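Coordinate analysis (summary)
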Amino acid sequence: SREEFPGSRPASAMSGSSASVPNMSGSRATSVAGTSMGTKGLGSTPIAPGWTMRPFLSHRHLLDGTGGRREDRDEESQSQPIGSFPLQVQESLIIEDLLSVLVAIDGKFLRLKERPSASGVSLHVTPDHSLDPSLADLVERVVPLAQYYLTVVRFTELRQQYEFGLVNHALCSAMDEMLREYLILIAQLESEAVQAQLTLQRVWFYIQPAMQTLRVLSNLCLAIETNSPLGAAASRTAGSGSRALRGGALLNVLIEHSAAAGGEQHSAKLFEFLVERAATPYLGMLEKWLYQGVVDDPYSEFMVEEKPNRPYFDDSYWEKRFLTREAHIPAFLDREVASKVLTTGKYLTVLRECGESVELPARKLTYSSNGRVYAQITNEVYTAASAKVLALLTEQKNLMERLKSVKRYFLTDRGDWLVQFLDTAHEELSKETRFINKARLESLLSLAVVTSVSSSDEYRDDLTCELMPCSALDEVIKVISITGKSDSKDAAEDAGASLTGFEAFSLKYKVEWPLNIILHNGARTKYRWLFRHLFQYKLAERELSSAWASHQGSKAFIHQSCARLAFALDIALRARMMHFIQSVQHYLVMDVIENCWHTFLENMRAVKTVEEVLTIHNKFLDSCVTLFMVKDPQLLKILARTLSTCMKFARYVKSKTAALVLEDKDRGNAEGVPAPDVQRKTRLRYAQLASDIASGEKHRETVAKYEIDFDNKVYTLLEALRTYGKSGGDPHLLNLCSQLDFNKYYTDKERAKVDGESA
């Protein structure tokens, strides 16, 4: 049914003979305006042919000065003044001209001209100066209707071009219905004029509803085209290289005008009709996206933008394959609903690309100013789609087993494989990265995993290793942009060339679609950060254990009290360092990883959507990263320096005690052990060597320096942890303080030092 033009048909005209819409051929047409957007289309948008640009069919002749037919102009120039006729004849002649002017056609006594104005171009009617003043006054009241009509005609004809999009086309179609009703009104007025039943007063009376409607439409057209306050923001952000509003941005302008006209019943009803018609193609796109996961948007006017060239196995697929166009989110969808709309279509895309069925019970979407209608529909579809994707991930793709596998390797859940790997790959990892055979390293890693308790893991083949171009500390600091340095890629590679395998080693895990939605690149990066820091602590523990073995081998040769005292200082310092490393490891593994993992498993039992899984998993990783002190560069640097001191001391001890290892000739041979007197001489020789090493002044000074350096760094770390915990940091860090300084050794030593300095 066609929307009736409010009050467009006079009662007397309806009872008379039926009048048809005037033929718009020649100068009486309302075709495309000459001011099109040019011959350049948007993307794959078809280009309008040149023959559609006809000035006489779009009233451009009024502005260009070409005028009508020459015979008409000559006839007009030779006509006698209208004032020479009687008043009744003047009214009859002026009504005839006025009906032509109302459809933007020049009359004999009323001439149309366009003049530039602040809003673009305004229509100016020049009446014959001899016209009776009373009639001239009525004419001046009526002629603004011609301006409104011309503005709407040009707007609709221009925006019916391809490049303006479907929403513009639908809006123009609705306006065209109004214009047809307006032309029917003019035809009916002309019918009454032919029957000599029409006066200017009656014309003024009959056009009142049309005047109000076309004024509203004209103001709307100007607001859209000239970026009025209501439409400026959307106009500046929509479109592609032009100021033309389209899609959801145009709907928002219509909705804003509708809200502004809420107190006027006629305008509110008119805008409701326009919004309903203009929203039809947009709701069609929304329906396809919600129920099929398909973006059907040839003119780039929908709220969801698709990047079709991004492969689904790419880690950034979930976040970057489909993006939101903020300017095209309609006002009847709030931000939360719009986010669910985007996610629902993503879910359906995942199902389709995994070969699953995406059939959902569809409902025809119609416009409603009540946003709760769309919220309810979106929630229903979102819940159904999310349940299907969650079942796909957890049941078919074994999501939880995958996460446990990642935890087993990156968080050293079962660390025996790491011990075996360090034993077999120690020689290879001791080299600089440029000399390491990566294929051999991967082979050793695979062998260590297969010969450990992780051999039963069905996903062990997805684990590989990689050599990073920077240390664990430098990687984190660069990522969180603490230093502010912008090192080039070449500089990073040069820095990585001087790293050893121990410093550059990291794990890499291969994840296939659609599990990379959960284990995306960002999540795997956080797992890598955690592993690299755990790996450094494991290396430090290994070095200190090796130093312990060296000390154990030297005890048999120590007899002098000074030597025992010197090595006792070494052993005590090594024990404190070992306690520090093991306390930090216990905190990271038991207090952080296991505690956060338990919370993660509890939350996973109640999830209903994939978004909840993403949120819970990201929260688990963020909690681990925070409690690992990775996000705090100050704490991280203190820990790294303390760790470095421990490893340097362990290597120093091993270098000093290496001479105390028995040579092969002193161990005996296959024929038997050395004679007792030979063993006694060997023991005395090694005892003298151990005494020389332990009692050396330089050795004792070096050990004392390591002790002072280590104690100062541990105390600095304790103070930093206490300050961080008291200032709103995580209270779990205070547990680490208690473990590190369980007997108040570092606190009392620092207090005694301060008291000595003050004394």
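Quick caveat: nothing in here was measured; it's all calculated off a predicted structure. (Residues numbered from 1 in each chain as written. Predicted model: local features only at pLDDT ≥ 70, side-chain atom pairs only at ≥ 80, totals over all residues. Heavy atoms only, no water.)

Here we come to the overall build of the protein. Across its full length, the protein carries 30 helices and 6 strands. Counting all 759 residues of the protein, 48% fall into the buried class. In the protein, once contacts between residues fewer than 6 apart in sequence are set aside, the share between residues at least 24 apart is 76%. Summed over its atoms, the accessible surface of the protein is roughly 36400 Å², and 51% of this surface lies on carbon and sulfur atoms. (Helix = DSSP H or I, 4+ residues; strand = E, 2+ residues; numbered from the N terminus. Buried < 20%, exposed > 50% of the residue type's maximum accessible area, 1.4 Å probe, protein only. Contact = heavy atoms within 4.5 Å. Areas by Shrake-Rupley, 256 points an atom, 1.4 Å probe, with all protein chains shown as cover.)

Its place among the elements puts Leu-441 in helix 18 (residues 438–450). Between the alpha carbons of Leu-441 and Cys-465 there is a distance of 7.8 Å; along the sequence they are 24 residues apart. Leaving out residues up to four positions away in the same chain, Leu-441 has contacts with Phe-421, Ala-425, Glu-428, Leu-429, Ile-436, Cys-465, Leu-467 and Phe-505.

Relative orientation and spacing of two packed helices are given, respectively, by the angle between their axes and the distance between those axes. Interhelical geometry of helix 7 (residues 165–194) versus helix 12 (residues 265–292) gives an angle of 145 degrees and a closest axis separation of 8 Å. Along this stretch, helix 7 crosses helix 12, giving a crossing that reads as right-handed. Of the residues in helix 12, those in contact with Leu-166, Val-167, Ala-170, Leu-171, Ser-173, Ala-174, Met-175, Glu-177 and Met-178 of helix 7 are Leu-270, Phe-273, Leu-274, Arg-277, Ala-278, Pro-281, Tyr-282 and Met-285. Partitioned by chemical class, the residues of the contact of helix 7 with helix 12 number 14 nonpolar, 1 polar and 2 charged. (Axes fitted to C-alpha atoms, helices over the stretch in contact; angles between N-to-C directions. Left-handed = near helix turned anticlockwise from the far one by under 90°. Nonpolar A, V, L, I, M, F, W, Y, C, P; charged D, E, K, R; others polar.)

Below, the discussion takes up the packing of helix 12 against helix 14 (residues 335–353). The geometry of helix 12 relative to helix 14 is characterised by a closest axis approach of 7 Å and an angle of 50 degrees between their N-to-C directions. Judged on the interaxial angle alone, helix 14 and helix 12 are oblique. Packed against helix 12, whose contacting residues are Leu-286, Trp-289, Leu-290, Tyr-291 and Gln-292, the element helix 14 presents Val-341, Leu-342, Thr-344, Gly-345, Lys-346, Leu-348, Thr-349 and Arg-352 at the interface. A class-by-class count of the residues in the contact of helix 12 with helix 14 yields 7 nonpolar, 4 polar and 2 charged. (Parallel < 35°, antiparallel > 145°, perpendicular 65-115°, else oblique.)

Mapped onto the elements, Asp-462 comes out in the loop between helix 18 and strand 5 (463–467). Accessibility expressed as a relative area gives 13% for Asp-462, which makes it buried. Every residue in contact with Asp-462, bar those within four places of it in the chain, is listed here: Arg-402, Lys-508, Tyr-509 and Lys-510.

Moving on to unusual backbone geometry. A cis amide bond, omega 5 degrees, links Trp-513 with the succeeding residue Pro-514. Here Pro-514 shows up in the loop between strand 6 (505–509) and helix 22 (521–554). For Ala-104, which is not glycine, the phi torsion reads 65 degrees and is therefore positive. Mapped onto the secondary structure, Ala-104 falls in the loop between helix 4 (87–101) and strand 1 (110–117). Residues other than glycine seldom take positive phi values, yet Ser-300 does so here, at roughly 55 degrees. Following the sequence through the fold, Ser-300 ends up in the loop between helix 12 and strand 3 (304–306). With a relative accessible area of 38%, Ser-300 lands in the partly exposed category.

For helix 12, built from 28 residues, the straight-helix expectation of 40 Å at 1.5 Å per residue is met to within 8% by its first-to-last C-alpha distance of 39 Å. In the segment just after helix 12, Gly-293 is the residue with positive phi, at about 70 degrees. (Expected span 1.5 Å × (residues − 1).)

In total, this model carries 28 salt bridges according to the counting rule given. Residue Glu-305 pairs with Lys-307 through a salt bridge whose shortest N-O separation is 3.2 Å. Using a relative accessible area of 23% as the deciding quantity, one classes Glu-305 as partly exposed. We note a salt bridge from Glu-719 to Arg-722, for which the minimum N-O separation is 3.2 Å. (Salt bridge = Lys/Arg side-chain N within 4 Å of Asp/Glu carboxyl O.)

Our next topic: the nonpolar core. With 201 residues, the main nonpolar core has Leu-274, Phe-421 and Phe-580 as its most contacted residues. Once residues within four sequence positions are removed from consideration, Leu-274 is found in contact with Leu-171, Ala-174, Met-175, Leu-217, Leu-220 and Leu-254. (Core = buried A, V, L, I, M, F, W, Y, C linked by side-chain atoms within 4.5 Å.)

Quick look at helix 17 (residues 416–429) now. An ideal rise of 1.5 Å per residue puts 20 Å on 14 residues; helix 17 measures up with 18 Å between its terminal C-alpha atoms. If you look at helix 17, its biggest bend is around 45 degrees, right at Asp-423. For helix 17, the set of buried residues is Trp-417, Leu-418, Phe-421, Leu-422, Ala-425, Glu-428 and Leu-429. (Bend = angle between axes of the 7 residues up to and from the residue.)

The next point concerns the packing of aromatic side chains. Inspection of the entire model under this criterion finds 21 aromatic pairs. On the basis of an interplanar angle of 40 degrees and a centroid distance of 5.2 Å, the ring pair of Phe-505 and Phe-535 is categorised as tilted. Taken together, the residues span a long stretch of sequence, with Phe-505 in strand 6 and Phe-535 in helix 22 at a distance of 30 residues. Classification of Phe-505 as buried rests on a relative accessible area of 1%. Among the aromatic residues, ring-to-ring pairing joins Phe-410, Phe-421, Phe-505, Tyr-509, Tyr-527, Phe-531 and Phe-535 into one connected group. Its end group placed over the ring of Trp-204, Arg-141 keeps NZ or CZ at 6.0 Å from the ring centre. (Phe/Tyr/Trp six-rings, centres within 6.5 Å; stacked < 30°, edge-to-face > 60°. Lys NZ or Arg CZ within 6 Å of the ring centre and 35° of its normal.)

Of all residues in the protein, 72% attain a pLDDT of 70 or more, and the chain-wide mean is 76. Of all secondary-structure elements in the protein, the lowest mean pLDDT belongs to helix 1 (residues 11–15), at 34, while helix 16 (residues 399–410) reaches the highest, 92. Residue range residues 482–497 is modelled with pLDDT below 50. Its contacts to residues more than four positions away, or to other chains, number 12 contacts. (pLDDT = per-residue confidence, 0-100.)

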